[in-house]
Every structure is written in structure tokens, then in C-alpha cells.
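# Coordinate analysis (summary)
Here's the letter readout for the chains.
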Amino acid sequence: MTDPRFTVVGMRPAAAAPAPKKTKTRGRRPVFAAALLLLILLGCIFAGLLTARDPAYMDLEHYSAPPSREFPFGTDSLGRDIFSMIWYGGRVSLLIGLLSAAISAGLAILFGALSGMAPAWLDALLMRCTEILLSVPNLLLVLFLQSILGEANVLSLSLVLGVTGWMSMAKVVRTEVRQLHSADFVTASKCMGGGFFHVLGAHLTPNFLPSILFMAVMNIRSAIVAESTLSFMGIGLPLEIISWGSMLSLAEHAMMSGAWWIIVIPGAFLVVTLLCVTELANALRKSLSSRHSNL
């Protein structure tokens, strides 16, 4: 029997085709962004160990003082120490971001799951309502709801930002639930008497949660940006509630008086935090996408 590797008698065997090289494509892990964000979080949590100054104390003898050994980040136009305000104000900004993201995620899961498991006519009605809310500028909704609640504080602003930021996530949840609600394990749970919240918590949420983690993390960033924007415009948190946004509300005076540190230092902390959150969210999205493609 002739060896198929020989084409003519006496010739050398044909070289086998080289095996394709296995390339490992690992996503770049945002180690630096995670470490930097962790340092900022720890600084905000343990602000009392970093500085002994009261961030709300107005030292009128040293107002608009430039950075020095006594005041590492300088003072603002009211004589408050910016170094202390950065860490204590970061608590407020990050708390607003986390609370509003939790509220928006909870509303999105409930509304999206209800729409995904509802009959066709009710599903269409709920999605039309969602699209109407998405068509309204978010800033108008925030201003409208905040005017109803009265003067802004941490809880009211978190509630308003959470209530106005769930629509896009709800559409993703609805799509995932429409694909999962006819699965065998969901049907079996319903036949055994499982109610809506049992099916949602035990079977649906663990399956679609990875799909909305990226949007939930980005909602934290969006809430911090919204709080800073509203405070910068003078319609957010009042000056007595120290946050990165309320610190930026003094930007007009800082630019007119040449006190650059009043706006540059809080702005730098805000931008760095937002960049770190965005980098972590992108890494999370790529990791979930690659895991889904492998499956």
C-alpha cells in the first residue's frame, strides 16, 4: 500500500503543514486604575486619619491661600482647607454615586423583568413608556423631581438621579428576561408555585446580572458627573454640604481671582476618579464579553 505522503517513488515525504499557534488573548487588566481608585476610596473612608482640620471651618485670615506647608492644597474663598474638603467631600460624591446606581439598578431589574414576563400587549405598553422617558432630556427630569422634593441633600439627590437613570438598563433586562422566561428551569419553578419575585431572584437575576454590571458601574460615574454638574450650576448640593461638585461651584470666583487651586485640585480628583471607574467598567465589559463568546 502506497504511503500517501510520497508523491513519487524515491522522493522525500512532503512536509506537514505547521500546526496553528495557539495565541492567548488576555485583556489588559486595569491594575493601576484599580489601585488608584482604591487609594482614593481609602482616603475618603479614613479622612479623619489624614487630616485633623474641620473641612467646614472658615479661617477668614487665610482665605484663598495658595498651597503651602500649612495648607497642602490651599484654601478656598471662604477660608476652608481644601485638603480636608477633598477627602470629606469625596465621601459625599461617592456615596451619591453608589446610592443612585443601586436605586437605578433595582428599578431597572423590577421594571425590565415585569415587562419581559408580561403579555405582549402589556410589554409593548411598558416599553413605549420607557422610550418616552428616554426621549425627555435627563436634566429636565432631574430638575423637575428635585423641585418637587425641595432643597437638595444627599438622599434626595441620590433618589432623583436613581429614578431618572434606569430606563436604558431596563431595556437590557427586558431583552434578557424574554430569552430566559421560557426556559425549563423557569417553567418548573412556576409549576412548583414560585411567584414573580422568587423566579426573579432565584433564577432570572443570576443569569442576566452579568449583562448589566457594566451599565451599573457606568451609572456610578454618571451620577457623580450629574451631581458635580448640578452643583457647578448652583442647583445641586448647597455649599454647607461639602462634595467635589459643591467645591467646583466656586469656580467662577477662582477664575476671576486667579486662585487656580480652588478649581484645579477638586477637578483633578474628580477627573481621575471618573477615569478609573470608566477603565474598570470597560475591563469588566471586555471580560464578560469574552466569557460569553467562549460559552
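What you see is a predicted model, and the numbers here were worked out from it, not measured in a lab.

## Considerations on the overall build of the protein
For the protein, the helix and strand inventory stands at 12 helices and 0 strands. The proportion of buried residues among the 295 residues of the protein is 40%. Taking the intrachain contacts of the protein between residues at least 6 apart in sequence as the baseline, contacts between residues at least 24 apart amount to 68%. Working note: accessible area of the protein is about 17,200 Å², and carbon and sulfur atoms make up 68% of it.

## A word on the confidence of the model for the protein
For the protein, the mean per-residue pLDDT works out to 82, and 87% of the residues sit at or above 70. This model gives residues 4-17 a pLDDT under 50, and the stretch forms 5 contacts once residues within four places in sequence are excluded.

## Observations concerning the nonpolar core
By size, the foremost hydrophobic cluster in this structure holds 26 residues, and its most contacted members are Ile 82, Ile 86 and Trp 244. At the level of elements, α1 (31-45), α3 (82-117), α9 (196-232), α10 (244-248) and α12 (261-294) are the ones that each hand at least two residues to this core. The biggest single contributor to this core is α3, with 7 residues. In contact with Ile 86, not counting residues within four places along its chain, are Phe 73, Trp 244, Met 247, Ile 265, Pro 266 and Phe 269. Residues Ile 109, Ala 170, Leu 180 and Ala 216 belong to the second largest nonpolar core, which totals 19 residues.

## Here we look at the packing of α3 against helix α7 (residues 167-180)
Relative to each other, α3 and α7 sit at 40°, their axes nearing to 7 Å. Overall, the two elements α3 and α7 adopt an arrangement that is oblique. In this structure, α3 meets α7 at a crossing whose hand is right-handed. On α7, the residues that touch Ala 105, Ala 108, Ile 109, Phe 111, Gly 112, Ala 113, Ser 115, Gly 116 and Met 117 of α3 are Met 169, Ala 170, Val 173, Arg 174, Val 177 and Arg 178. Classifying every residue of the contact of α3 with α7 gives 10 nonpolar, 3 polar and 2 charged.

## Digging into α3
Here α3 spans 51 Å end to end across 36 residues, near enough to the 52 Å set by a 1.5 Å rise per residue. Along α3, the sharpest kink reaches roughly 25°, centred on Gly 89.

## Quick look at the pattern of salt bridges
Evaluation of the coordinates by the stated rule reveals 5 salt bridges. Across the pair Asp 76 and Arg 80 runs a salt bridge, and its minimum N-O distance is 2.8 Å. Both residues of the pair, Asp 76 and Arg 80, belong to the buried class.

## Section: the packing of aromatic side chains
In total, this model carries 7 aromatic pairs according to the counting rule given. Taking the centre distance of 6.2 Å and the plane angle of 80° together, the rings of Phe 83 and Trp 87 count as edge-to-face. Of this pair, Phe 83 and Trp 87 both sit in helix α3, separated by 4 residues, roughly a single helical turn. No difference in accessibility class separates Phe 83 from Trp 87, as the two residues are buried. Judged by centre distance (6.4 Å) and plane angle (45°), the ring pair of Trp 244 and Phe 269 falls under tilted. Placement of Trp 244 in helix α10 and of Phe 269 in helix α12 is noted, with a sequence separation of 25 residues between them.

## Here we look at the environment of Trp 244
Trp 244 gets classed as buried once you look at its relative accessible area, which sits at 0%. Sequence separation between Trp 244 and Ser 93 is 151 residues, and the spatial gap between their C-alpha atoms is 6.4 Å.

## Side note on the packing of α1 against α3
One way to put it is that α1 packs onto α3 with a least axis distance of 7 Å and a crossing angle of 110°. Judged on the interaxial angle alone, α3 and α1 are roughly perpendicular. Listed contacts from α3 to Ile 40, Leu 41, Gly 43, Cys 44 and Ile 45 of α1 are Trp 87, Gly 90, Arg 91 and Leu 94. Of the residues in the contact of α1 with α3, the class split is 6 nonpolar, 2 polar and 1 charged.

Reading guide: rules and limits
- Residues numbered from 1 in each chain as written.
- Predicted model: local features only at pLDDT ≥ 70, side-chain atom pairs only at ≥ 80, totals over all residues.
- Heavy atoms only, no water.
- Helix = DSSP H or I, 4+ residues; strand = E, 2+ residues; numbered from the N terminus.
- Buried < 20%, exposed > 50% of the residue type's maximum accessible area, 1.4 Å probe, protein only.
- Contact = heavy atoms within 4.5 Å.
- Areas by Shrake-Rupley, 256 points an atom, 1.4 Å probe, with all protein chains shown as cover.
- pLDDT = per-residue confidence, 0-100.
- Core = buried A, V, L, I, M, F, W, Y, C linked by side-chain atoms within 4.5 Å.
- Axes fitted to C-alpha atoms, helices over the stretch in contact; angles between N-to-C directions.
- Parallel < 35°, antiparallel > 145°, perpendicular 65-115°, else oblique.
- Left-handed = near helix turned anticlockwise from the far one by under 90°.
- Nonpolar A, V, L, I, M, F, W, Y, C, P; charged D, E, K, R; others polar.
- Expected span 1.5 Å × (residues − 1).
- Bend = angle between axes of the 7 residues up to and from the residue.
- Salt bridge = Lys/Arg side-chain N within 4 Å of Asp/Glu carboxyl O.
- Phe/Tyr/Trp six-rings, centres within 6.5 Å; stacked < 30°, edge-to-face > 60°.

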